[in-house]
Every structure is written in C-alpha cells, then in structure tokens.
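Close look at the chain arrangement
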Amino acid sequence: MFMNRKIISLFTSLALIMSAVPVFAYPDCDSEAVTELTKWGVLSGDENGNFRPDDLLTRAEFSTMAAIATGVNDLKATDLPQESRFSDVGRDYWGFKYIVYSTNCAYLDGFEDGTFKPDENVTFAQAVKICLSASGYNAMIDKSVEPSTWYEPWLKIAYDYGLIDTTDENPDRKITREEAAEMIYTAVNMPLCIVKGYNVATGTINFRLCDGKEDENGEVEPFNNLYRKYIR
C-alpha cells in the first residue's frame, strides 16, 4: 500500500509538471498569443512544427484566422457561402469559404476592380479593420464625416479601445505572423460592441460595449467577447 501511494504521488507530480508546459508550443516562437490561438484552432504551424513568426501574412491567411475566430467552422456546409464575388477567388481556392464568409460578414472588403488579391500581404491598417469589424466596432465609425484617409477612424478606435498601443504605425506596412496573432488575440478578448438602435434624426448608430459596466442611463450589457461567444 505504501508503494502504491508513492507511485500515485509520482504520477501526480509528473502531471503537474507536464501541465505547466504548453501543449501547443513551437520551437521558434514562445508567444502566449500564438500558443493560445493554436490551442483554439485559429492558427497552426508548418509541416515541420514551426510557426515561422517573422514570415509575412497574406490577406487570405488573415481572413482565415478572422473567420475561424468568429465561428465559421461551427456552420453547416449549407450555411456557408457558395459563390464569390471576386474574380480571383474561385471555389477551388484553398481559402474560398473563409474569404467569402469574412467579406459577407463585412469584416473586410475587396478592391474596386472586383478582385480580392488573396495572396498579397495584409497591411497593418487592413488587419486593424478586420479585427475591429469582427468584434462589432465598425458600428463606431461615423460615416457622416469624411476622413482624410480610409484607415484614420479605424486606427483611432483601435487605439482608444486598446487593440493597438500607438497610432504612429505605418498603416501600409506588412505585418508578420506573430504580429497578426497578437492582434487577433487582443481582439478576441475585447468586449463585443453591439448595435442598440439607429437614430434617424442624427443618422447615427447607437451601440453598447458588452463590458459589464453601467452607462449613463444605468444600462449594463453583460461582459462578452469573441472568445466567449465562438471559441471556448
């Protein structure tokens, strides 16, 4: 009986040690965001088990991450988009369902020439827009005001609500796989922004953050985010 207790104690100790080691760790990247998103099935490494954190990310790859983070894999095949409006994204393209799903949900857009350019690298500003839109923060964009650049209001909202920590980034620069993971990880943990109504007189959208805090009218939206809604 004494020996059995020692064995049980040994296995318990081993279990505690092993539980402290990330199951989805990569030899070339120890980012918490990358580890967690891999655990949740939002991203994956290459065939050699590496993450390649410094590689750039394509628009199709970032669209895929956003689509998975917002529940595309929980949909039935009949609920998924069957057609693409982009001339360069056919049904045989590997990222077809993710791109069409994301654009149908208005997370991201194509270009004026009718293309999506899936294999182009995603830019910092594009990634910000996708993350904010996926969490509902597009409701905050004041369409009555003409910005100097399309990304100006997105970067301001992203900074104000903690998606990014500076507005001085070059909006057109390409982002790495690790940077993309960090941004999506932050986005899925941000409170969702939900539309509460539309003010016809002012032409503005009324919205509330699901942050569990009481507003000036004493209303509270229970805390909710993309992780709680789609991932966990």
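In case you missed it, the structure is sitting above this.
Not measured: the values here are computed from a predicted model. (Residues numbered from 1 in each chain as written. Predicted model: local features only at pLDDT ≥ 70, side-chain atom pairs only at ≥ 80, totals over all residues. Heavy atoms only, no water.)

1. Structural notes on helix H3 (residues 59-69)
Which entries qualify depends on this criterion: Buried residues are those whose accessible area, probed at 1.4 Å on protein chains only, stays under 20% of the maximum for their type, while exposed residues exceed 50% and partly exposed ones sit between those limits. In DSSP terms, a helix is any run of H or I states spanning at least four residues, a strand is any run of E spanning at least two, and both are numbered starting from the N terminus. Contact criterion: two residues are considered in contact whenever any of their non-hydrogen atoms come within 4.5 Å of each other.
Counting buried positions along H3 gives 10 out of 11 residues, so the element sits mostly inside the fold. For H3, the set of buried residues is Arg59, Ala60, Phe62, Ser63, Thr64, Met65, Ala66, Ala67, Ile68 and Ala69. As for H3, its buried residues are in contact with helix H4 (96-104), helix H5 (124-134), helix H7 (177-188) and helix H8 (226-231). Where H3 ends, the next residue or the one after it, Gly71, has phi of about 90 degrees, a positive value.

2. Describing H5
Burial runs high along H5: 11 of the 11 residues are buried. Burial in H5 covers these residues: Phe124, Ala125, Gln126, Ala127, Val128, Lys129, Ile130, Cys131, Leu132, Ser133 and Ala134. In this structure, the buried side of H5 is in contact with H3, helix H6 (152-160), H7 and H8.

3. Examining the pattern of salt bridges
Short version of the rule: Take a side-chain nitrogen of Lys or Arg and a carboxyl oxygen of Asp or Glu: if they are within 4 Å of each other, that pair is a salt bridge.
Enumeration over the complete set of coordinates arrives at 10 salt bridges. With a closest N to O distance of 3.0 Å, Arg52 and Asp46 form a salt bridge. Residue class for Asp46 comes out buried when judged on its relative accessible area of 18%. Of the charged contacts, one joins Arg173 and Glu179 as a salt bridge, the two residues approaching to 2.8 Å between their closest N and O atoms. The exposure class assigned to Glu179 is partly exposed, which follows from its relative accessible area of 30%. Through salt bridges with shared partners, one network takes in Asp46, Arg52 and Asp55.

4. Topic: the packing of H5 against H6
Angle between the axes and distance between the axes are the two parameters that describe a pair of packed helices. How we decide: As a rule, the C-alpha atoms of each element are fitted with a line to give its axis, helices using only the stretch in contact, and angles between N-to-C directions run from 0 to 180 degrees. Crossings are assigned a handedness: left-handed for a near helix turned anticlockwise from the far helix by less than a right angle, right-handed for a clockwise turn.
Interhelical geometry of H5 versus H6 gives an angle of 65 degrees and a closest axis separation of 9 Å. With respect to the hand of their crossing, H5 and H6 are arranged in left-handed fashion. Touching Phe124, Val128, Lys129, Leu132 and Ser133 of H5 are Trp154, Leu155, Ile157 and Ala158, all from H6.

5. Brief notes about the state of the cysteines
Where we set the bar: In this description, a disulfide is simply a cysteine sulfur pair whose atoms lie within 2.5 Å.
In total, this model carries zero disulfides according to the counting rule given. Not engaged in a disulfide, the cysteine Cys210 finds its nearest cysteine sulfur in Cys193; these two sulfurs lie 7.9 Å apart. On the accessibility criterion, Cys210 (5% relative accessible area) is buried.

6. Some details on the environment of Glu83
Note that Glu83 resides in the loop between H3 and H4. The exposure class assigned to Glu83 is exposed, which follows from its relative accessible area of 65%. Spatially, the C-alpha atoms of Glu83 and Lys97 are 8.8 Å apart, while their sequence positions differ by 14 residues. Excluding anything up to four places from it in sequence, Glu83 contacts Arg91, Phe96 and Val100.

7. What about the side chain of Glu221?
Convention followed: Residues adjacent in sequence count toward polar contacts only when both atoms are side-chain atoms; beyond that, a polar contact is any pair of N or O atoms within 3.5 Å, and within protein one must be able to donate a hydrogen and the other to accept it.
Examined against the element boundaries, Glu221 turns out to sit in the loop between strand S2 (204-209) and H8. Looking at Glu221, its side chain comes within polar contact range of the side chain of Lys196, at 2.7 Å. Excluding its chain neighbours within four sequence positions, the residues that come into contact with Glu221 are Ile194, Lys196, Arg208, Leu209, Cys210, Asp211, Gly212 and Lys213.

8. Things to note about the pairing of strand S1 (residues 193-199)
Where we set the bar: Only strands that DSSP links by at least two bridges are regarded as paired with each other.
Where S1 meets S2, six bridges bridge the pair, whose relative direction is antiparallel. Among the inter-strand pairings, Gly197 is bridged to a residue of S2, identified as Asn206. Hairpin connection, S1 to S2: the antiparallel pair is bridged by four residues, and Gly203 has positive phi, about 70 degrees.

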